[in-house]
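# Architecture and fold: a report
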Amino acid sequence: MDDNSIATQRDDVRDYYGRVLEDKNDLKTSACCPVEAMPVWARPLVGNIETEILDRFYGCGSPLPLAAEGRTVLDLGCGTGRDCYILSQMVGPQGRVIGIDMTDGQLDVARRHLDTQMRRFGYSAPNVDFHHSFIEDLGTAGIADNSVDVVVSNCVINLSPDKERVFSEIFRVLKPGGELVFSDVF
């Protein structure tokens, strides 16, 4: 795929998720999953998240690691941060969650609620960071080699024009023995 095609595909995705979609009712697909589809143990964690974040969630599953406490988790295509805020509760105040997205509007929502979410979780300091970047180039977000315990992605890798590079970046940033947990459409 040439650079113009990649740029066009990225622009189309950014326009759809940043301008066309104002909430989940605007979706042009039925691939997204309702809260009822997530594991029973994770549902209470969703109940702690701001409504605006939930209304603009467009994932297709629940790619949540079973063991996350104290770990560093990277969320590719974090959108408004729903999964980041679920993971924030899972990793606890000693863990860290990094959200990556290329859509400013989505990141604005995630960042706007950061302080409220941290207070709601009882944390004295944020354990979540949101970065504007492409999932094909995690270095631009400052994600170092072998620095992440778990990478998660919820229906985003399919949107990438260069999936091979996405997987190369995932394996670059994962620590030895790290995990990739994702849900996607193929």
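An account of the accompanying structure is given in this report.

## Topic: the packing of helix H4 (residues 82-91) against helix H6 (residues 114-121)
- One can describe the packing of H4 onto H6 by two numbers: an axis separation of 11 Å at closest approach and a directional angle of 30°. Taken together, the axes of H4 and H6 lie roughly parallel to each other. H6 is crossed by H4, and the crossing has right-handed handedness. Along its contact with H4, which presents Tyr85, Ser88 and Gln89, the element H6 presents Leu114, Gln117, Met118 and Phe121.
- Residue classes in the contact of H4 with H6 are distributed as 4 nonpolar, 3 polar and no charged.

## Here we look at H6
- All of the buried residues along H6 are Leu114, Gln117, Met118 and Phe121. An end-on view of H6 places all buried positions within 100° of arc, on one side of the element.
- Remark: glycine 122 follows H6 within two positions and exhibits a positive phi of approximately 80°.

## Observations regarding the pairing of strand S5 (residues 174-183)
- Pairing between strand S4 (residues 148-154) and S5: 6 bridges, direction parallel. Its bridge partner lying in S5, valine 152 is registered against valine 181.
- Each parallel crossover has a hand, and for S4 linked through helix H7 (residues 163-173) to S5 it is right-handed.

Cut-offs used in this document
Residues numbered from 1 in each chain as written. Predicted model: local features only at pLDDT ≥ 70, side-chain atom pairs only at ≥ 80, totals over all residues. Heavy atoms only, no water. Axes fitted to C-alpha atoms, helices over the stretch in contact; angles between N-to-C directions. Helix = DSSP H or I, 4+ residues; strand = E, 2+ residues; numbered from the N terminus. Parallel < 35°, antiparallel > 145°, perpendicular 65-115°, else oblique. Left-handed = near helix turned anticlockwise from the far one by under 90°. Contact = heavy atoms within 4.5 Å. Nonpolar A, V, L, I, M, F, W, Y, C, P; charged D, E, K, R; others polar. Buried < 20%, exposed > 50% of the residue type's maximum accessible area, 1.4 Å probe, protein only. Arc of directions from axis to C-beta. Pairing = 2+ DSSP bridges. Right-handed = clockwise from strand over helix to strand, strands pointing away.

Scope: geometric values only; no functional claims are made or implied.
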